[in-house]
Amino acid sequence: MSSQTHTEQAARAAPYPLVARATCPAGSRVRIGNVEVGGDGFTVIAGPCAVENEAQIHATAQAVATAGAHLLRGGAYKPRTSPYSFQGLGQRGLELLAEAGRAAGLPVVTEVLSADDVKQVARHADVLQVGARNMQNFALLKRLGRIGKPVLLKRGLAATIEEWLFAAEYIVQAGNPAVILCERGIRSFETATRNTLDLNAVAVLKQWTHLPVLVDPSHGTGRRALVAALARAAVAVGADGVMIEVHPEPEQALSDGEQSLDTAEFATLMHDLACLVSLVGRRLSAMAQAAQGEPDLERDRQRIDRLDEALARLLHERVRIALHLGRRKRAAGLPLKVPERETEVLRRVAALSGGSLPEESVQRVFRVIMDETLAAEHAGP
Ligand code: PEP
Ligand code: MN
């Protein structure tokens, strides 16, 4: 059987054929302006739970853009558990969000609560978010299938992964292939955290669907002190990005302040994520890399120190493996130096240079690493 036929059969066999992994084994990508969600890129969405006023959303937008976020989030229509809680600024909130996004150069994501609101929200948003409480609002899903903008579909509070994929299938079947999933924690018996962030689901989804998967550790934990740890875990488990609630003054926030990072905490998290994504073979999208940040000598030195430490540990690990390999080569009577292999290594690392240094410079650095390693192999037992 040709692999094409096999793929088609597998796609037909899945109960959700349009979003099944077999339909697009390489994984689908969703484009939002200059940003691409999925593929090698790791996407960071950041912003307040709710748009509260002009100053708040502008300050947040500038800060998260400077730190390297790719998209700005902010609720204008808030699905609050209590009818007495702040419900969002509505239309005015949409306008403020869109303005803040434009000023900061970031596309914007915001929640749409009902099918009737889709048109209005789509006028201002680059991505329309379906909240956890609406994951099975089928009228809303079908309506979103007919807009030409990406949809961020959050997992229901108590939805199985299969139910979630059926919800995504509704949107794609209605004509909109640009769907991004977002794990935001599920209800469990555990009371230590607001929800239980189900990172299993990310690993499962990577097998079952081709859609990009983001993780929301803010709602997933409900606690500011836990957000960074779970965001880092999202990188390790293979998520395509994270959505983080950020507020310039979390203690003053009108909603979800207890789970919002302040802007400095977010900047630190971005730095950690930038290191981690490169270790799992990904990269932060171009905009994040281009972000300059405010000059802060001490902070930048600390960042460089931590990168140097990571490089030194990686170098140690590389040499350890090479020495082991060298001993086996010697036992087998094989030469320690293999020029073709070295050329291949230099070609590969040059291709990953990322443009900050010329390819030849990167190759010179690796030439030294290989020569020093070889010397250690010759000197070794
Ligand atoms: C949100 O992202 O602001 C939100 C309300 O999340 P959820 O629907 O996951 O509760
Ligand atoms: Mn929130």
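Higher on the page you've got the structure.
Residues numbered from 1 in each chain as written. Chains lettered and ligands numbered in written order. Predicted model: local features only at pLDDT ≥ 70, side-chain atom pairs only at ≥ 80, totals over all residues. Heavy atoms only, no water.

Before going further, it helps to spend a moment on the packing of aromatic side chains. Following the criterion strictly, the structure yields two aromatic pairs and no others. Here the aromatic rings of Tyr16 and Phe166 are separated by 5.8 Å at their centres, their planes lie at 80°, and the arrangement is edge-to-face. On the criterion of sequence distance, the pair formed by Tyr16 in the loop between helix H1 (3-13) and strand S1 (30-32) and Phe166 in helix H6 (residues 161-173) is long-range, its members being 150 residues apart. Note on Tyr16: relative accessible area 7%, which makes it buried. (Phe/Tyr/Trp six-rings, centres within 6.5 Å; stacked < 30°, edge-to-face > 60°. Helix = DSSP H or I, 4+ residues; strand = E, 2+ residues; numbered from the N terminus. Buried < 20%, exposed > 50% of the residue type's maximum accessible area, 1.4 Å probe, protein only.)

The next thing to look at is the nonpolar core. When a protein is soluble and globular, its nonpolar side chains tend to lie buried together. Counting residues in hydrophobic clusters, the biggest one holds 70 residues, and the most contacted among them are Leu153, Leu181 and Phe266. With seven residues, H6 is the single largest residue contributor to this core. Within the second largest apolar cluster, 14 residues are counted, among which are Val37, Ile45, Val127 and Met243. (Core = buried A, V, L, I, M, F, W, Y, C linked by side-chain atoms within 4.5 Å.)

We now examine the site of ligand 1. Around ligand 1, the surrounding shell consists of Arg73, Lys78, Glu111, Gln129, Gly131, Ala132, Arg133, Lys154, Arg184, His219, Met243 and Glu245. Here Arg133 contributes a side-chain N or O atom positioned 2.9 Å from an oxygen atom of ligand 1. Lys154 places a polar side-chain atom, nitrogen or oxygen, 2.8 Å from an oxygen atom of ligand 1. In isolation ligand 1 has 300 Å² of accessible area, and contact with the protein removes 97% of it. Broken down by class, the residue content of the shell around ligand 1 amounts to two nonpolar, three polar and seven charged. (Near = heavy atom within 4 Å. Polar contact = N/O pair within 3.5 Å; in protein donor to acceptor, adjacent residues only side chain to side chain. Areas by Shrake-Rupley, 256 points an atom, 1.4 Å probe, with all protein chains shown as cover. Nonpolar A, V, L, I, M, F, W, Y, C, P; charged D, E, K, R; others polar.)

Taken across its five residues, strand S10 (residues 241-245) has five buried, putting it largely inside the fold. Burial of S10 is two-sided: the residues Gly241, Met243 and Glu245 facing one way and the residues Val242 and Ile244 facing the other way are all buried. Relative to S10, strand S3 (residues 41-47) is paired through five bridges, and the arrangement is parallel. Opposite Gly47, over in S10, you have Glu245 as the bridge partner. (Pairing = 2+ DSSP bridges.)

Looking now at the coordination of the manganese ion (ligand 2). Every protein donor of the manganese ion (ligand 2) is accounted for by Cys49 (SG), His219 (NE2), Glu245 (OE) and Asp256 (OD), and the metal-donor separations fall at 2.0 to 2.4 Å. For the manganese ion (ligand 2), the single-chain donor residues occur in sequence as C-x169-H-x25-E-x10-D. Here Glu245, found in strand S10, pairs with Asp256, found in the loop between S10 and helix H10 (263-279); they are eleven residues apart in sequence, far enough to count as distant. Like Glu245, the residue Asp256 is buried in the burial classification. (Donors = N, O, S within 2.8 Å, 3.2 Å for Na, K, Ca; no water.)

What follows concerns the side chain of Asp216. With respect to the helices and strands, Asp216 occurs in the loop between strand S9 (213-215) and helix H8 (217-221). A residue is classified by how much of its surface remains accessible, and Asp216, at 1% relative accessible area, is buried. In this view, Asp216 contacts Lys154, Cys182, Glu183, Arg184, Leu197 and Met243; residues no more than four positions away in its chain are not counted. (Contact = heavy atoms within 4.5 Å.)

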